[in-house]
Amino acid sequence: MDTAVHEAEGDFSPRDWAQHPPYLSPLYKSTVLRSPSKPLIPMKQGLSVRTGPVFGHDNLDPLDHDLTKNGRVNGEPIGERMIVTGRVLDESGRPVPHTLLEIWQANACGRYVHRWDQHDAPLDPNFFGAGRCLTDAEGRYRFTTIKPGAYPWGNHHNAWRPAHIHFSLFGPSFLTRLVTQMYFPGDPLLPLDPIYNGVPEGARELLVSRFSIDVTEPVWALGYEFDIVLRGRHATPMED
């Protein structure tokens, strides 16, 4: 998917984990149970790991990128419309074309379309909360969606997750799938969120999108930009 491929060896270069959240972050309580208790064992990457399989690149619906339309049943989804766009870049700032991006999010009331989400907030019958698209030749993607709401979670007393959108990026194999989250500027919940603050200082700010009046469409939707850098000193932090 990026310049992480060593042409001579055919392997992916090591990731600089100092830029990413640790496996164990005590304030993020579920990591205490799921983080590795012993050193990880490097495994040699075989041909099947480096080359496939990959699903979804050639099976996109025309409405997959528009979350305000792909879940409609009997009307418009409720909430603040917005456009989220950006570029997928390698460590040298070069665009990464033909990358499959998937997003998923809560609705405007902070509720996911998922049986495990029993948050006492209404579901929106016209909002599915997921979409996908491919980056173009310049590495650019674009989604139209509804701004997600904050929601409570059971990490600690009176815990609330800030508004966010989950991103998943697929490269040429399962090994190159990366997952991250995008936040919004000025959110008062960010300083209180153990997941956001589990990312090293100086890197977590890369998870916050930028409002853009140039992307904003008059009388329609606000615009936000969120670039994703795959490697290097300015790499976007990814989840473990």
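Bear in mind the structure is a predicted one, so any value in this text is a computation, not a measurement. (Residues numbered from 1 in each chain as written. Predicted model: local features only at pLDDT ≥ 70, side-chain atom pairs only at ≥ 80, totals over all residues. Heavy atoms only, no water.)

Draft legend 1. Region of interest: the overall build of the chain. Check the secondary structure of the chain and you find 3 helices and 11 strands. Per-residue burial for the chain yields a buried fraction of 47% across its 240 residues. By sequence separation, contacts in the chain at least 24 residues apart represent 70% of the contacts at least 6 residues apart. Summed over its atoms, the accessible surface of the chain is roughly 13,300 Å², and 59% of this surface lies on carbon and sulfur atoms. (Helix = DSSP H or I, 4+ residues; strand = E, 2+ residues; numbered from the N terminus. Buried < 20%, exposed > 50% of the residue type's maximum accessible area, 1.4 Å probe, protein only. Contact = heavy atoms within 4.5 Å. Areas by Shrake-Rupley, 256 points an atom, 1.4 Å probe, with all protein chains shown as cover.)

Draft legend 2. Here's a closer look at the nonpolar core. Ranked by size, the top nonpolar core spans 24 residues in total, and within it Val-88, Leu-101, Tyr-141, Phe-143, Ile-165, Phe-167 and Ile-228 carry the most contacts. Residues in contact with Phe-143, not counting those within four places in the same chain, are His-65, Leu-67, Met-82, Ile-83, Val-84, Leu-101, Ile-103, Gly-131, Arg-132, Cys-133 and Phe-167. (Core = buried A, V, L, I, M, F, W, Y, C linked by side-chain atoms within 4.5 Å.)

Draft legend 3. Representation of the pattern of salt bridges within the structure. Tallied over the full model, the rule gives 9 salt bridges. Ionic pairing is found between Arg-94 and Asp-90, a salt bridge with its closest N-O pair at 2.8 Å. Owing to a relative accessible area of 44%, Arg-94 belongs among the partly exposed residues under this scheme. Residue Asp-90 is classed as buried on the basis of its relative accessible area of 5%. Note that Arg-210 is salt-bridged to Glu-225, the shortest N-O span being 3.5 Å. Taken together, the residues span a long stretch of sequence, with Arg-210 in strand E9 (residues 210-211) and Glu-225 in strand E10 (residues 222-225) at a distance of 15 residues. Residues participating in the shared-partner salt-bridge network are Arg-210, Glu-225 and Asp-227. (Salt bridge = Lys/Arg side-chain N within 4 Å of Asp/Glu carboxyl O.)

Draft legend 4. Focus on the sheet that holds strand E2 (residues 100-104). Spatial strand order, E3-E2-E7-E8: 4 strands in an open sheet with antiparallel pairing. Only two strands of the sheet have a single neighbouring strand rather than two, namely strand E3 (130-134) and strand E8 (178-183). With strand direction ignored, the average angle separating the axes of adjacent strands in the sheet is 25°. As defined by bridge partners, E2 adjoins E3 across 5 bridges and the pair is classed as antiparallel. Counted as the bridge partner of Leu-100 is Leu-134 from E3. (Pairing = 2+ DSSP bridges. Axes fitted to C-alpha atoms, helices over the stretch in contact; angles between N-to-C directions.)

Draft legend 5. Seen up close, the environment of Pro-237. By secondary structure assignment, the location of Pro-237 is in the segment after strand E11 (228-229). Here the alpha-carbon distance between Pro-237 and Leu-178, two residues 59 residues apart in the chain, equals 9.6 Å. Setting aside residues no more than four positions away along its own chain, Pro-237 makes contact with Gln-19, His-20, Pro-21, Thr-180, Val-199, Ala-203, Leu-206 and Leu-207.

Draft legend 6. Region of the structure containing the packing of aromatic side chains. What the rule picks out here adds up to 9 aromatic pairs. With centroids separated by 5.5 Å and ring planes inclined at 75°, the aromatic side chains of Tyr-112 and Tyr-151 adopt a geometry described as edge-to-face. Separated by 39 residues along the polypeptide, Tyr-112 in the loop between E2 and E3 and Tyr-151 in strand E5 (residues 151-152) bring together distant segments of the chain. Of the two residues, Tyr-112 and Tyr-151, both sit in the buried class. (Phe/Tyr/Trp six-rings, centres within 6.5 Å; stacked < 30°, edge-to-face > 60°.)

Draft legend 7. Fine view of the pairing of strand E1 (residues 81-89). Of all 9 residues in E1, 7 are buried, a share of seventy percent or more. Pairing between E1 and strand E4 (residues 140-146): 7 bridges, direction antiparallel. Its bridge partner lying in E4, Gly-86 is registered against Tyr-141. Two elements, E1 and E10, share 4 bridges in a ladder whose sense is parallel. Opposite Met-82, over in E10, you have Leu-222 as the bridge partner. Of the pairings in the sheet, the one linking E1 to E11 comprises 2 bridges and is parallel in character. Its bridge partner being in E11, Leu-89 is matched across the sheet by Val-229.

Draft legend 8. Quick peek at the environment of Phe-167. Note that Phe-167 resides in strand E7 (residues 164-170). Between the alpha carbons of Phe-167 and Glu-102 there is a distance of 5.8 Å; along the sequence they are 65 residues apart.

Draft legend 9. View of the side chain of Thr-99. With respect to the secondary-structure elements, Thr-99 resides in the loop between E1 and E2. Owing to a relative accessible area of 1%, Thr-99 belongs among the buried residues under this scheme. A distance of 3.4 Å separates a polar side-chain atom of Thr-99 from the backbone oxygen of Val-96. (Polar contact = N/O pair within 3.5 Å; in protein donor to acceptor, adjacent residues only side chain to side chain.)

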